[in-house]
Amino acid sequence: MKIVEVAEFYSERGGGVKTYTHQKLASSAALGHSTTIIAPGKSNNEIIYPGGKIVFVKSPVLFIDNRYHVFSQNNDINSLIQSEKPDVLVGASPWSGGRIAGKWNPSNGQKKPLKVLFMHTDPVAVYAYTLLDRFLSLKKIDRIFNFFWRYLIRLSNMFDVTLVGSPWLASRFSSYGLNNVHSIPFGVELSHFTSNRRNTDLRKSMLQKCNLNDNAILALNVGRHHPEKRLKMIFQSIKKAQKYSDIGLYVIGDGLIRPWVERWSKRTPNVYIAGQENNRDHLANLMASSDLLLHGSACETYGRVIAESLASGLPIVIPNQGGASGFAGPIYSEIYKTGNPDDAARAIISISERDFKTSSKAAVKYAKETIGSDSDHFKSLYNFFTKRLTL
């Protein structure tokens, strides 16, 4: 089977999308398929991998984040898709990449592929909720942004099927009228992210970078530096929790609002900004060696970092909205009201007062019983494609 994906948000300097794309190529090779990723880049270039290739189309830099590029026109992309002769054509964003894939039609007698819109984001939640939920109810925000829901409906109607990575998001998008929505749950590298990686010397080193000794609590935050991650609220909640206990915050990530993150961190004691971590082994070690994950985003479509943290034996502090809330459970988690630093501080203190070993074992148990592996996800994805092609 030949899959072509128009992947607008792939970047060699990216985070989760880059990880997911490389996992997809590896799974494509293992399952005997061929996958071509078409992505915007600084020059026309092609990189061959087992299982397929990434084709970069020269495109302008995204002005708000120079790690990324954006498609400027689709003539070359149309011809690229045509030359690849896909059995399955995937639009992997709701923006220009999705529109390019949605509008594309084969020519010269070429068979029509299965057309799939894969929604890796919930745009209304990412932008409108993040900016406005302090002032308006979510229902009112959705009514105000009804024009955008209508756009997403029109976009999804260009495709045969709309895919998402979690059941709750499938339900949400279906309720707003998107076309033929199905869920193929994401997974994580369960053999890679494990509590066996916990290292007391590494934990001590991380706390030292936060100017604390190893008797303190080590909170971890991992993710893009983007408004949706609510990092200002994260710092505020840590500062409030520090009134009751010695707590350090180790922040992994980079991105759009990095200068603001640096500024906010200076107002909060015992914070260390580590920057982006591209070494997956070291990231897994850092996760397993922390004491809790503090997560701010209320608009996760899945929550890969949360799933990886649980597999690493890390208790979690999460907001009560979005994909993050779907990981909640007794013993290993605390939920707080989205965007509320006082309630987040309460949750931090509450979970840090529990016995860590008990919470960690509960997190690992949940991960093993509930969270699938990345290979399970891709097997399900390609099986879904195969079944739809035979209909």
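See the structure printed just above.
Attention in this report is confined to the structure presented alongside it. (Residues numbered from 1 in each chain as written. Predicted model: local features only at pLDDT ≥ 70, side-chain atom pairs only at ≥ 80, totals over all residues. Heavy atoms only, no water.)

Ranked by internal contacts, the top residues of the largest apolar core, which has 51 residues, are Leu163, Leu310, Phe327, Ile371 and Phe385. If sequence neighbours within four positions are ignored, Phe327 has contacts with Tyr302, Gly303, Ile306, Ala307, Leu310, Ile316, Ile318, Tyr332, Tyr366 and Ile371. Residues Ile100, Leu155, Phe173 and Leu178 belong to the second largest nonpolar core, which totals 34 residues. (Core = buried A, V, L, I, M, F, W, Y, C linked by side-chain atoms within 4.5 Å. Buried < 20%, exposed > 50% of the residue type's maximum accessible area, 1.4 Å probe, protein only. Contact = heavy atoms within 4.5 Å.)

What follows is about helix α1 (residues 16-30). With 15 residues, α1 should reach 21 Å at 1.5 Å per residue; the first-to-last C-alpha distance of 21 Å fits that figure. Within α1, burial applies to Thr19, Tyr20, Thr21, Gln23, Lys24, Leu25, Ser27 and Ser28. Where α1 ends, the next residue or the one after it, Gly32, has phi of about 80 degrees, a positive value. (Helix = DSSP H or I, 4+ residues; strand = E, 2+ residues; numbered from the N terminus. Expected span 1.5 Å × (residues − 1).)

With that out of the way, let us pick up a positive patch on the surface. Taken together, the side chains of Arg134, Lys232, Lys239, Lys243, Arg263, Lys266 and Arg267 make up a positively charged region of the molecular surface. By relative accessible area, which is 44% here, Arg263 ends up partly exposed. (Patch = residues over 30% accessible without salt bridge, like charges linked within 9 Å, V, L, I, M, F, W, Y side chains within 5 Å. Areas by Shrake-Rupley, 256 points an atom, 1.4 Å probe, with all protein chains shown as cover. Salt bridge = Lys/Arg side-chain N within 4 Å of Asp/Glu carboxyl O. Lys, Arg positive; Asp, Glu negative; His and termini not counted. Charge placed at Lys NZ, Arg CZ, Asp CG, Glu CD.)

A separate point is the sheet that holds strand β12 (residues 292-294). What the six strands build is an open sheet, ordered β11-β10-β9-β12-β13-β14; its pairing is parallel. The sheet terminates laterally at β11 (271-275) and β14 (333-336), the two strands that pair on one side only. Averaged over all neighbouring strand pairs, the angle between strand axes comes to 25 degrees, with direction disregarded. As paired elements, β12 and strand β13 (residues 316-319) share two bridges and run parallel to each other. The residue of β13 that forms the bridge with Leu293 is Ile316. (Pairing = 2+ DSSP bridges. Axes fitted to C-alpha atoms, helices over the stretch in contact; angles between N-to-C directions.)

Within the secondary structure, Ala7 is located in the loop between β1 (2-6) and α1. Spatially, the C-alpha atoms of Ala7 and Gly323 are 22 Å apart, while their sequence positions differ by 316 residues. If we ignore the near neighbours within four places in the chain, the residues touching Ala7 are Ile37, Ile38, Ala39, Pro40 and Ala92.

Before going further, it helps to examine the environment of Leu163. Of note, Leu163 is situated in strand β7 (residues 161-164). Look at Leu163 and you get buried, because its relative accessible area is 0%. The spatial distance from the C-alpha of Leu163 to the C-alpha of Lys103 is 18 Å, given a sequence separation of 60 residues. Leave out the neighbours within four places in its chain, and Leu163 touches Val116, Leu117, Phe118, Met119, His182, Ile184, Leu381, Phe384 and Phe385.

Our next topic: the packing of helix α9 (residues 231-241) against helix α13 (residues 341-352). Direction vectors running N to C along α9 and α13 enclose 55 degrees, while the axes themselves pass 8 Å from each other. Classified by the interaxial angle, the pair formed by α9 and α13 is oblique. When you trace α9 past α13, the crossing you get is right-handed. Touching Met233, Gln236, Ser237, Ile238, Lys240 and Ala241 of α9 are Pro341, Asp342, Ala344, Ala345, Ile348 and Ile349, all from α13. (Parallel < 35°, antiparallel > 145°, perpendicular 65-115°, else oblique. Left-handed = near helix turned anticlockwise from the far one by under 90°.)

A few words on the sheet that holds strand β3 (residues 45-49). In spatial order, the strands read β3-β4-β2-β1-β5-β6-β7-β8; together these eight strands make up an open sheet with mixed pairing. Strand pairing shows two members of the sheet lacking a second neighbour, β3 and β8 (181-183), which therefore form its edges. Within this sheet the neighbouring strands show an average axis-to-axis angle of 25 degrees, counted without direction. As paired strands, β1 and strand β2 (residues 34-41) are joined by five bridges and run parallel to one another. Bridging across to β2, Lys2 finds its partner in Ser34. Here α1 sits on the sheet and contacts β1, β2, β3, β4 (52-58) and β6 (114-118); the angle it forms with β2, its principal contact strand, is near 155 degrees. Lying on the sheet, helix α15 (residues 374-390) is in contact with β1, β2, β5 (88-91), β6, β7 and β8; it crosses β6 at an angle near 145 degrees.

Taken as a whole, this structure holds 22 salt bridges when the rule is applied. A salt bridge links Glu228 to Lys229; the shortest N-O distance between them is 3.9 Å. A relative accessible area of 5% places Glu228 in the buried class. Linked by salt bridges that have partners in common, Lys2, Glu46, Lys53 and Glu84 make up one network.

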